[in-house]
Every structure is written in C-alpha cells, then in structure tokens.
Amino acid sequence: MDEQRGTVTIPVGDVQLPADLMLPAEPVGVVLFAHGSGSSRHSPRNVAVARTLTGRGLGTVLVDLLSPAEDEVDARTAELRFDIGLLASRLAGIIDWLAVERPAGDVPIGLFGASTGAAAALVAASSRADRVGAVVSRGGRPDLAGAALAQVRTPTLLLVGGLDEEVITLNERALAELGEVGELRVIPGATHLFEEPGTLEQVADQAGTWFTTRLR
C-alpha cells in the first residue's frame, strides 16, 4: 500500500498549528487525533495507534492544538491544557479545514481523543455533527465535555483500562449522558496510559474496527 506522510500547517483563527499527516493510497476515512494534557502530536501512544489505523485504510492527522507560544505558557502554568473550550474550538477549525481542503479526499472524518483531548473531541463532535462520523476516547475524561455530552449525536466508543477505576466511574457517568450513541468497553489489566503489554494494541484494534465500520 502506497502511503503518503508529511507535515502541514493548519490555520485556525489567528494561529498556525503544525500537523503530521499519514495517508494510505485510498483512504476510507480520516481520523483527527486530540492528545491529552501535557502531551503533543508526537505522543508515542497516539503515533502507534495512528500507524495501526493507517494500516486499516484510514488517514490520520496528529496535530498540536496549541501554538508554540501557547505551549511555552502552558509548560509553565498548565492552564491551557484544561481549557476544553479552546481545544474544542481548535479541533472544530481543523475539522472545517479537513472538509474544505480535503487532503485525504472527500472522506468522512473521525475523532480520536485521549485524556482531556477526549472531552475536546466530544465538544467538537457536538458542534460539527454533520462532518464527524465517529469518535473514540482512550482513557478519556468525557465528563469534562459538560453540557455538550448530551448534545453528541455521533457514535462514540469509550475505551478505559480495567485498572483505571476512577476513570471507569467517570466514563460510566458520561455514558449515561451519551445515551444510545455511546458504548463503553474496558480493556482488562490496563492502567490509565495502557503501558501494559498488548493493551495499547487492543485499543488500536478496537478503534480501527469502530472507525472502519462507521466512517462509510
């Protein structure tokens, strides 16, 4: 399978956001990643999942949701990584860019969010229901999406580690808000970061199936 890789700069509002694109020859969809607090588009876990998704025929977009200047501020204060409204607005802008510029072609868009990025992904999905076809949350904090949770109409898979008890509880509460569009699956033996052997592979496999069956 011929695969294209490259780095692009995506304009969103008054900032320019660097993003890494991986595109298979004929993608069936494209998945935009929203990383968790204190992470970046170079997150080894998200990069590993992205490689698996690309192997399943999905294009992937790994993007930094903060500008370099904002990232410097956040490294000192940690204030922007929890600004779900800001992160969601950036994701919405990137979704619009994907829909207009179509670097992967005219294909449906999915969102993969980790930790706080999952909340931003759900808020963005609620505001771009016509453009987002599926959402996957890995060890996410969907509870931080607040009132937007009840507005989500996009099929959403919540993946949580079996040993991540507090986050399981938060995801169970979020599932009640999501209603019939949500599904919660627990990965046995996994902690919050899915560092145990084979657990991240399970996340990637389940995410791949979720996206390929729903982004049609």
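For clarity, every value in this text was computed on a predicted model and none was experimentally measured.

1. Section: the overall build of the protein
Phase 1: Scanning the protein from N- to C-terminus turns up six helices and eight strands.
Phase 2: When the helices and strands of the protein are listed from N to C terminus, the series reads β-β-β-α-β-α-α-β-α-β-β-α-β-α.
Phase 3: Computed over C-alpha atoms, the radius of gyration of the protein comes to 16 Å, within 12% of the 17 Å expected from 2.2 N^0.38 for 216 residues, which places it in the range of a compact globule.
Phase 4: Seen along its three principal axes, the alpha-carbon backbone of the protein occupies a region of about 40 × 40 × 35 Å.
Phase 5: Going through the 216 residues of the protein one by one, you find that 53% of them count as buried.
Phase 6: Expressed as a percentage of contacts within the protein between residues at least 6 apart in sequence, the contacts between residues at least 24 apart total 68%.

2. Structural notes on the packing of aromatic side chains
Phase 1: Following the criterion strictly, the structure yields one aromatic pair and no others.
Phase 2: Judged by centre distance (4.9 Å) and plane angle (35 degrees), the rings of Phe33 and Phe112 are tilted. Taken together, the residues Phe33 in strand β3 (residues 29-34) and Phe112 in strand β5 (residues 109-114) connect sequence positions 79 residues apart.
Phase 3: Given a relative accessible area of 1%, Phe33 falls into the buried group.
Phase 4: Taking relative accessible area as the criterion, Phe112 reaches 1% and is therefore assigned buried.
Phase 5: Lying across the ring of Trp210, Arg214 places its NZ or CZ 3.5 Å from the centre.

3. A few points about the side chain of Thr212
Phase 1: Note that Thr212 resides in helix α6 (residues 199-214).
Phase 2: Reaching out from Thr212, the side chain makes a polar contact with the backbone oxygen of Gly208 at a distance of 2.8 Å.
Phase 3: A distance of 3.3 Å separates a polar atom in the side chain of Thr212 from the backbone oxygen of Thr209.
Phase 4: Setting aside chain neighbours within four positions, we find Thr212 in contact with Arg56 and Leu58.

4. Regarding the pattern of salt bridges
Phase 1: Using the criterion set out here, one finds nine salt bridges in the structure.
Phase 2: Asp64 is paired through a salt bridge with Arg41; the nearest N and O atoms lie 2.7 Å apart. Of the two residues, Asp64 is situated in the loop between β4 (58-63) and α2 (68-77) and Arg41 in the loop between β3 and α1 (44-55); the sequence distance between them amounts to 23 residues. We note that Asp64, like Arg41, is buried.
Phase 3: The salt bridge partner of Asp143 is Arg141, with a shortest N-O separation of 2.7 Å.
Phase 4: Residue Asp143 is classed as partly exposed on the basis of its relative accessible area, which comes to 26%.

5. Considering empty space enclosed by the protein
Phase 1: Under the criterion given, the structure shown has one cavity of 30 Å³ or more.
Phase 2: Looking at the largest cavity, its volume works out to about 30 Å³.
Phase 3: Every residue along the wall of the largest cavity is listed here: Val30, Leu98, Arg102, Pro103, Ala104, Gly105, Val107 and Ile109.
Phase 4: Considering only residue class, the lining of the largest cavity consists of six nonpolar, one polar and one charged.

6. Some details on the environment of Gln4
Phase 1: Along the chain, the position of Gln4 falls in strand β1 (residues 3-12).
Phase 2: Placed 60 residues apart in sequence, Gln4 and Asp64 show a C-alpha to C-alpha distance of 20 Å.
Phase 3: In this structure, Gln4 is in contact with Leu21, Met22 and Leu23, ignoring residues within four places of it in sequence.

7. Quick look at unusual backbone geometry
Phase 1: The backbone phi angle of Arg102 is positive, close to 50 degrees, even though this residue is not glycine.
Phase 2: Relative to the assigned elements, Arg102 resides in the loop between α3 (84-101) and β5.
Phase 3: The partly exposed category is assigned to Arg102, whose relative accessible area is 43%.
Phase 4: The backbone of Phe194 shows a phi angle near 55 degrees, a positive value even though the residue is not glycine.
Phase 5: Within the secondary structure, Phe194 is located in the loop between β8 (182-187) and α6.

Cut-offs used in this document
- Residues numbered from 1 in each chain as written.
- Predicted model: local features only at pLDDT ≥ 70, side-chain atom pairs only at ≥ 80, totals over all residues.
- Heavy atoms only, no water.
- Helix = DSSP H or I, 4+ residues; strand = E, 2+ residues; numbered from the N terminus.
- Rg over C-alpha atoms; globule rule 2.2 N^0.38 Å.
- Buried < 20%, exposed > 50% of the residue type's maximum accessible area, 1.4 Å probe, protein only.
- Contact = heavy atoms within 4.5 Å.
- Phe/Tyr/Trp six-rings, centres within 6.5 Å; stacked < 30°, edge-to-face > 60°.
- Lys NZ or Arg CZ within 6 Å of the ring centre and 35° of its normal.
- Polar contact = N/O pair within 3.5 Å; in protein donor to acceptor, adjacent residues only side chain to side chain.
- Salt bridge = Lys/Arg side-chain N within 4 Å of Asp/Glu carboxyl O.
- 1 Å grid on protein atoms, 1.4 Å probe; cavity = no way out; pocket = protein on both sides within 12 Å on 5 of 7 lines; lining within 4 Å.
- Points joined across faces, edges and corners; volume = space filled by probe spheres on them.
- Nonpolar A, V, L, I, M, F, W, Y, C, P; charged D, E, K, R; others polar.

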